[in-house]
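Architecture and fold: a report
Listed below, chain by chain, are the residues.
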Amino acid sequence: VAFADVNSYRSTYNDDSVIPVTRQVHEVGHNMGLHHAGEWSDEYGDHVGAMGGGARPDDDRRCYNGPHSWYMGWYSNRHASIDNDSSTYPRTYTLTGISSWTPNSGPDVILRVRDDTGIFQGGGFYVMYNRDVGINAGTDEAQDEVAVVWGENNPRRKSLLLAKLDVGDTYDMDFSGTSKDVRIEYVSRSSDWTTVTVRLTRI
């Protein structure tokens, strides 16, 4: 058993639940203001990052998903953002996994497609290459795939994992009521698996 107060210093664990590192990362995430990471109707269903559920072995290594990492400002020099009503589509982006992040310039780590004018103003789809190595070697879902997660400006609202893409897959980002939906296509992956290319088009 473990629990934590949101936006507070207090997290509590029993003897067994304190052992997995990602259990601590999960509860400290609540301390930092994060809600759970879900998939469909399962509040803990997103096993990509630490704020969902999934297996938690003692040596588990998992970080946070796209909207949670964005909210906390992690990898901020590698953030890319585009509004769904932008006039610059189609756009192509190169993404790398969080374990390849450095303070220097390089491929983007998180791509946000945001609704800045419609009924979801401030919310957006967050795209990450969920590379299954290094500090993220314990990710329990969408390993080495492109994860698309819905998140809002308020991190106390749960995020939702919506798509897990392999090369050639597409997903339509539905900004219902705006007539400005966006399709993401997972175009290619580098031969060493360190980067991927995605393309965004208006539909």
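What counts, and at which threshold
- Residues numbered from 1 in each chain as written.
- Predicted model: local features only at pLDDT ≥ 70, side-chain atom pairs only at ≥ 80, totals over all residues.
- Heavy atoms only, no water.
- Phe/Tyr/Trp six-rings, centres within 6.5 Å; stacked < 30°, edge-to-face > 60°.
- Helix = DSSP H or I, 4+ residues; strand = E, 2+ residues; numbered from the N terminus.
- Buried < 20%, exposed > 50% of the residue type's maximum accessible area, 1.4 Å probe, protein only.
- Lys NZ or Arg CZ within 6 Å of the ring centre and 35° of its normal.
- Lys, Arg positive; Asp, Glu negative; His and termini not counted.
- Salt bridge = Lys/Arg side-chain N within 4 Å of Asp/Glu carboxyl O.
- Contact = heavy atoms within 4.5 Å.
- Patch = residues over 30% accessible without salt bridge, like charges linked within 9 Å, V, L, I, M, F, W, Y side chains within 5 Å.
- Areas by Shrake-Rupley, 256 points an atom, 1.4 Å probe, with all protein chains shown as cover.
- 1 Å grid on protein atoms, 1.4 Å probe; cavity = no way out; pocket = protein on both sides within 12 Å on 5 of 7 lines; lining within 4 Å.
- Points joined across faces, edges and corners; volume = space filled by probe spheres on them.
- Nonpolar A, V, L, I, M, F, W, Y, C, P; charged D, E, K, R; others polar.
- Pairing = 2+ DSSP bridges.

**Concerning the packing of aromatic side chains**
In the structure shown here, the tally under the stated rule is 7 aromatic pairs. Judged by centre distance (5.7 Å) and plane angle (75°), the ring pair of Trp70 and Tyr126 falls under edge-to-face. Of this pair, Trp70 sits in helix α2 (residues 66-71) while Tyr126 sits in strand β7 (residues 124-129); the two residues are 56 residues apart in sequence, bridging distant segments of the chain. For Tyr126, a relative accessible area of 3% corresponds to the buried category. When the ring centre of Trp193 is taken as origin, the NZ or CZ atom of Arg189, which lies over that ring, is 3.6 Å away.

**Brief notes about the side chain of Asp108**
Looking at the element boundaries, Asp108 is found in the loop between β5 (91-96) and β6 (110-114). Buried charge without a partner: Asp108 forms no salt bridge, and the closest opposite charge is Arg78, 6.8 Å away. With near-sequence residues (within four places) excluded, Asp108 lies in contact with Arg78, His79, Ala80, Tyr93, Thr94, Leu95 and Thr96.

**Quick look at a nonpolar patch on the surface**
A surface patch of nonpolar side chains, about 220 Å² in accessible area, is lined by Val28, Met32 and Trp74. In this structure, Val28 sits in helix α1 (residues 21-31). Among the residues examined, Val28 registers a relative accessible area of 35% and is labelled partly exposed.

**Quick look at empty space enclosed by the protein**
The full count for this structure, using the stated rule, is 2 cavities of 30 Å³ or more. Of the voids in this model, the largest cavity is the one considered here, and its volume is about 120 Å³. As for the largest cavity, its lining consists of 16 residues, and the residues nearest its centre are Val48, Tyr64, Met128, Asn130 and Asn136. Elements with a minimum of two residues in the lining of the largest cavity: β7 and β8 (146-151). Residue composition of the lining of the largest cavity, grouped by class: 9 nonpolar, 6 polar and 1 charged.

**Remarks on the sheet that holds strand β3 (residues 37-38)**
Taken in spatial order, the 6 strands of this open sheet run β3-β9-β8-β7-β6-β4, and their pairing is mixed. Only two strands of the sheet have a single neighbouring strand rather than two, namely β3 and β4 (79-83). Pairing geometry for β7 and β8, over 6 bridges, is antiparallel. Across the sheet, the residue bridging to Phe125 is Trp150, located in β8.

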